[in-house]
Amino acid sequence: MNKNTEHYVFHKRNFLDKKYCDNYIKELNRHSWEKHIWYNSRLDATKALSENNEPEHIYAEERPEIHNLLSEMIPKIQSTILEYIENFKLDWFTGWEGISGMKFLRYFPDQLMLTHCDHIHSIFDGERKGIPILSIIGLLNDDFEGGELIMFEDKKIDIKKGDLIIFPSNFLYPHKITPVIKGVRYSYTSWVW
């Protein structure tokens, strides 16, 4: 087993067709977005950590008209998760229970995502039980400045329009999005449990 944590960051280039990404952005912009908030398990409370600089989000599960557009994306994600798992040849790590609904994020200039690890609690509603084991980040466009994905405090991940990143959802994989400088950044995220 490779003990280098960076080894477990999987970059799938051109995961989505660029036209598909453009169509998705158009559809997303027909809907209302909400400000991103953070959950603090110690306080059992949610709040915005960076004031007005939080991005906006849409949960596909809450919007049937968006959720229906995922019919092409979900099988590809499932196949890529399997590729990720099989790539490491870990006999004891054989599968997962499910994939959370997609969370789409929109970052305007000055908006960012602070350094965090994905200890996501919101996907477990009482019916779904488990812990997040893998994080998925995909980029729908790259015609903006700033908005870089940084992992391990200082490693820039060169993610482009249509690319997908998969990595473990634990404290060894801190990541952030730097402030967008120009344009609008569109991405999506999901978690595997």
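Our structure's up above, just so we're on the same page.
Residues numbered from 1 in each chain as written. Predicted model: local features only at pLDDT ≥ 70, side-chain atom pairs only at ≥ 80, totals over all residues. Heavy atoms only, no water.

**Q** Report on the sheet that holds strand β13 (residues 175–177), specifying residues and quantitative values.
**A** One key point about sheets: their strands pair by backbone hydrogen bonds, in either a parallel or an antiparallel sense. Strand order across the open sheet formed by four strands is β7-β13-β10-β11, with antiparallel pairing between neighbours. Of all strands in the sheet, those bounded by a partner on one side alone are β7 (113–116) and β11 (155–157). Going across the sheet, the axis of each strand differs from the next one's by a mean of 25 degrees, ignoring polarity. Summarising the sheet, β7 and β13 pair through two bridges and their orientation is antiparallel. Looking at the pairing, His116 lines up with His175 of β13. (Pairing = 2+ DSSP bridges. Helix = DSSP H or I, 4+ residues; strand = E, 2+ residues; numbered from the N terminus. Axes fitted to C-alpha atoms, helices over the stretch in contact; angles between N-to-C directions.)

**Q** Which residues make up the sheet that holds strand β1 (residues 10–12), and what values do they have?
**A** Spatially, the seven strands line up as an open sheet ordered β1-β12-β8-β15-β6-β5-β2, and their pairing is antiparallel. With partners counted over all chains shown, the strands left at the sheet margins are β1 and β2 (34–35), one partner each. Where β1 and strand β12 (residues 164–168) come together, three bridges link them in antiparallel fashion. Bridging across to β12, Phe10 finds its partner in Ile166.

**Q** Break down helix α1 (residues 18–28) for me, with residues and values.
**A** Side chains that are three or four residues apart share a direction in an α-helix, a result of its 3.6 residues per turn. When α1 is considered as a whole, its buried residues turn out to be Tyr20, Cys21, Tyr24, Ile25, Glu27 and Leu28. Along the long axis of α1, the arc covered by the buried residues comes to 160 degrees, so they all point the same way. The exposed residues of α1 that point more than 90 degrees off its buried face are Lys19 and Lys26. (Buried < 20%, exposed > 50% of the residue type's maximum accessible area, 1.4 Å probe, protein only. Arc of directions from axis to C-beta.)

**Q** Lay out the packing of aromatic side chains in plain terms, naming residues and giving numbers.
**A** For the coordinates displayed, the defined rule picks out nine aromatic pairs. Aromatic side chains Phe10 and Tyr84 sit 5.8 Å apart centroid to centroid with 80 degrees between the ring planes, which places their arrangement in the edge-to-face category. Residue Phe10 is located in strand β1, and its partner Tyr84 is located in helix α3 (residues 73–88); the two are separated by 74 residues in the primary sequence. Taking the relative accessible area as the measure of exposure, Phe10 reaches 12% and is therefore buried. Judged by centre distance (5.0 Å) and plane angle (25 degrees), the ring pair of Tyr24 and Phe104 falls under stacked. Of the two residues, Tyr24 is situated in helix α1 and Phe104 in strand β6 (residues 103–107); the sequence distance between them amounts to 80 residues. Residue classification places Tyr24 among the buried positions, given a relative accessible area of 2%. An aromatic cluster is present here, built from Tyr8, Phe10, Tyr84 and Phe88 joined pairwise through their rings. (Phe/Tyr/Trp six-rings, centres within 6.5 Å; stacked < 30°, edge-to-face > 60°.)

**Q** Which residues make up the side chain of Arg63, and what values go with them?
**A** Position of Arg63 relative to the elements: it lies in the loop between β5 (56–59) and α2 (64–67). For the buried Arg63, no salt bridge exists, and the shortest N-O distance to an oppositely charged side chain is 4.4 Å, to Glu34. Within the local environment of Arg63, its side chain forms a polar contact with the backbone oxygen of Ser32, the two atoms lying 2.9 Å apart. Here Arg63 is in contact with His31, Ser32, Glu34 and Ile58, once residues within four sequence places are set aside. (Lys, Arg positive; Asp, Glu negative; His and termini not counted. Salt bridge = Lys/Arg side-chain N within 4 Å of Asp/Glu carboxyl O. Polar contact = N/O pair within 3.5 Å; in protein donor to acceptor, adjacent residues only side chain to side chain. Contact = heavy atoms within 4.5 Å.)

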